[in-house]
Amino acid sequence: MSEQNQKQNQNQNENPSNGFEFVEYSPEAAERTGYSDYSYWKSVFQNFLKKKSAVFMAFVFFALVIFSFIALKIGKYDYSSAQIMSDASLAFTSPNGEFWFGTDNLGRDYWCQVWYAAQISIKLALIVALGECVIGVTIGCIWGYVRSLDRIMTEIYNVINNIPTIIYMTLAALLFGQSFRNMAIAMITVGWLVMARNVRNLVLMYRDREYNLASRCLGTPVWRILVKNIFPYLISVIILRLALSIPQTIALESTLSYLGLGLDVNTPSLGILLRNARNYFLQYPYLLIFPAVIVSLITITFYLVGNAFSDAADPRNHV
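## Here's the deal with unusual backbone geometry
Argument step 1. For Phe92, which is not a glycine, the phi torsion comes out positive at approximately 60°.
Argument step 2. Secondary-structure assignment places Phe92 in the loop between α5 (79–84) and α6 (110–145).

What follows is the structure, encoded as structure tokens:
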């Protein structure tokens, strides 16, 4: 055998891969190979920002909320002085350079009243929406996951849900009085029902999926299954419900205040201003137009933004 052949045989013995290089893969390397830079919230905001109309409505809503606080600073009168200063000679003054939104039937500046009332209505809506979300999601998850509680929770839901809201709110106002706190608590007490029902239905749908059954077999705690495996599928429904809750709360507060069952007269809201304007709006339409426009802007913009964000939060819409 020639010297060249001997060298080739020696190289093949030293490197039996016949020219192919073996790469040793570790579990960490395998994970890096299948790694994706997908981020749920990043995808949510990317999908939301694609909807230009929803982004514009979000800008309008937040601008309105922020301006409701700025308006009281730039106005010529603050709310406290408007409450104290009543001049019958200035009653029903049309909007002008001195009174930007005119004056009411007592001669008080309407600009500060409208924007102060907008603050109250927005605060009430946000507090009620947050309370409904926390209570509704918590009860809904327990209701849907623990099968033994389904029967009794369904009966409680049916009993409370069959009571007309207007009757319930009327009784709450008569028994506990008319105040910001009492109204917020009363609205939360019945408002969580819809959120809990929607969450319960979704939890029932996903609780027995294969990956959740495997997690339970491996001893994963229930709270971790709910938070990690099921909760991402609930986000779009929760956001949609919040989008509906805020305008519904403002509309309900306006209706109750219009009927004299809402907040007390010392805590003005948009509903109270609309109620006060009902006797004068034919002769002085600005008393109705300004609060009605603000109520409409808040409810419509947040509803449209909430719907768009709900669609963007749905994992099925992520690529």
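Text resumes after the structure shown.
## Overview of the confidence of the model for the protein chain
Argument step 1. When the pLDDT values of the protein chain are averaged, the result is 80; 86% of them are 70 or greater.
Argument step 2. When the criterion is pLDDT under 50, residues 19–23 qualifies, and its contacts beyond four places in sequence or with other chains add up to one contact.

## With respect to helix α11 (residues 222–258)
Argument step 1. Taking 1.5 Å per residue, 37 residues should reach 54 Å; α11 reaches only 46 Å between its end C-alpha atoms and comes up short.
Argument step 2. Approximately 65° is the largest bend angle found in α11, and it occurs at Phe231, with the proline Pro232 only one to four residues beyond.
Argument step 3. Of the residues trailing α11, Gly260 is marked for its positive phi of about 85°.

## Overview of the packing of aromatic side chains
Argument step 1. On inspection of all chains with the given rule, the structure shows 16 aromatic pairs.
Argument step 2. With 5.4 Å between their ring centres and 70° between their planes, Phe48 and Phe309 make a pair best called edge-to-face. On the criterion of sequence distance, the pair formed by Phe48 in helix α3 (residues 40–49) and Phe309 in helix α13 (residues 286–313) is long-range, its members being 261 residues apart.
Argument step 3. Note on Phe48: relative accessible area 9%, which makes it buried.

## Let's talk about the pattern of salt bridges
Argument step 1. Counting across every chain of the model gives four salt bridges.
Argument step 2. Two residues, Arg108 and Asp104, come together in a salt bridge whose shortest N-O distance is 2.9 Å.
Argument step 3. With a closest N to O distance of 2.7 Å, Arg200 and Asp150 form a salt bridge. Of this pair, Arg200 sits in helix α9 (residues 180–206) while Asp150 is found in helix α7 (residues 150–161), placing the two residues 50 residues apart along the sequence.

## Overview of a nonpolar patch on the surface
Argument step 1. On the surface, Ile163, Ile166, Ile167, Leu171, Leu175, Phe176, Tyr258 and Leu259 cluster together into a nonpolar patch covering about 810 Å² of accessible area.
Argument step 2. Residue contributions to the nonpolar patch peak at five residues, all from helix α8 (residues 165–176).
Argument step 3. Its location among the elements puts Leu175 in helix α8.

## Description of helix α4 (residues 52–74)
Along an α-helix, a turn takes 3.6 residues, which lines up residues three or four apart on a common side.
Argument step 1. The first and last C-alpha atoms of α4 sit 31 Å apart over 23 residues, in line with the 33 Å expected at 1.5 Å per residue.
Argument step 2. Residue Ser68 marks the point of greatest curvature in α4, where the axis turns by about 35°.
Argument step 3. Within the sequence span of α4, burial applies to Ala54, Ala58, Phe61, Leu64, Val65, Ser68, Ala71 and Leu72.
Argument step 4. Among the structural elements, α3, α6 and α13 are those in contact with the buried residues of α4.

## As for the packing of α4 against α6
For any two helices packed against each other, the geometry comes down to the angle between their axes and how far apart the axes lie.
Argument step 1. Taken N-terminus to C-terminus, the directions of α4 and α6 make an angle of 145°; their axes are 9 Å apart at the nearest point. Relative to α6, the crossing made by α4 is left-handed. Every residue of α6 that contacts α4 at Leu64, Val65, Phe67, Ser68, Phe69, Ala71, Leu72 and Ile74 is listed here: Trp111, Cys112, Trp115, Tyr116, Ala118, Gln119, Ile122 and Lys123.
Argument step 2. Looking at the contact of α4 with α6, its residues break down into 13 nonpolar, two polar and one charged.

## Quick look at the side chain of Ser68
Argument step 1. Along the chain, Ser68 turns up in helix α4.
Argument step 2. Here Ser68 falls in the buried class, since its relative accessible area comes to 0%.
Argument step 3. Non-local contacts of Ser68, meaning those with residues more than four positions away in its chain, are made with Trp115, Ala118, Gln119 and Ile122.

## A word on the environment of Ile272
Argument step 1. In this structure, Ile272 sits in helix α12 (residues 270–277).
Argument step 2. In this structure the C-alpha to C-alpha distance between Ile272 and Pro291, which are 19 residues apart in sequence, comes to 9.6 Å.

## Some remarks on the environment of Gln178
Argument step 1. Mapping Gln178 onto the fold places it in the loop between α8 and α9.
Argument step 2. Placed 84 residues apart in sequence, Gln178 and Gly262 show a C-alpha to C-alpha distance of 6.3 Å.

## Structural notes on the side chain of Ser121
Argument step 1. Looking at where Ser121 falls in the secondary structure, it is placed in helix α6.
Argument step 2. Among the residues examined, Ser121 registers a relative accessible area of 2% and is labelled buried.

## What to know about the nonpolar core
Argument step 1. Within the largest apolar cluster, 29 residues are counted, with the highest numbers of intra-cluster contacts made by Trp115, Ile294 and Ile298.
Argument step 2. Listing elements by their share of this core, those giving two or more residues are α4, α6, α11, α12 and α13.
Argument step 3. The element that contributes the greatest number of residues to this core is α6, accounting for 10 residues.
Argument step 4. The residues contacting Trp115, other than those within four sequence positions of it, are Leu64, Phe67, Ser68, Ala71, Leu72, Phe101 and Ile294.

## A closer look at the packing of α6 against α9
Argument step 1. One way to put it is that α6 packs onto α9 with a least axis distance of 6 Å and a crossing angle of 40°. At the point where α6 passes α9, the crossing takes the right-handed sense.
Argument step 2. Residue composition of the contact of α6 with α9, by class: 22 nonpolar, five polar and four charged.

Cut-off values and rules
- Residues numbered from 1 in each chain as written.
- Predicted model: local features only at pLDDT ≥ 70, side-chain atom pairs only at ≥ 80, totals over all residues.
- Heavy atoms only, no water.
- Helix = DSSP H or I, 4+ residues; strand = E, 2+ residues; numbered from the N terminus.
- pLDDT = per-residue confidence, 0-100.
- Contact = heavy atoms within 4.5 Å.
- Expected span 1.5 Å × (residues − 1).
- Bend = angle between axes of the 7 residues up to and from the residue.
- Phe/Tyr/Trp six-rings, centres within 6.5 Å; stacked < 30°, edge-to-face > 60°.
- Buried < 20%, exposed > 50% of the residue type's maximum accessible area, 1.4 Å probe, protein only.
- Salt bridge = Lys/Arg side-chain N within 4 Å of Asp/Glu carboxyl O.
- Patch = residues over 30% accessible without salt bridge, like charges linked within 9 Å, V, L, I, M, F, W, Y side chains within 5 Å.
- Areas by Shrake-Rupley, 256 points an atom, 1.4 Å probe, with all protein chains shown as cover.
- Axes fitted to C-alpha atoms, helices over the stretch in contact; angles between N-to-C directions.
- Left-handed = near helix turned anticlockwise from the far one by under 90°.
- Nonpolar A, V, L, I, M, F, W, Y, C, P; charged D, E, K, R; others polar.
- Core = buried A, V, L, I, M, F, W, Y, C linked by side-chain atoms within 4.5 Å.

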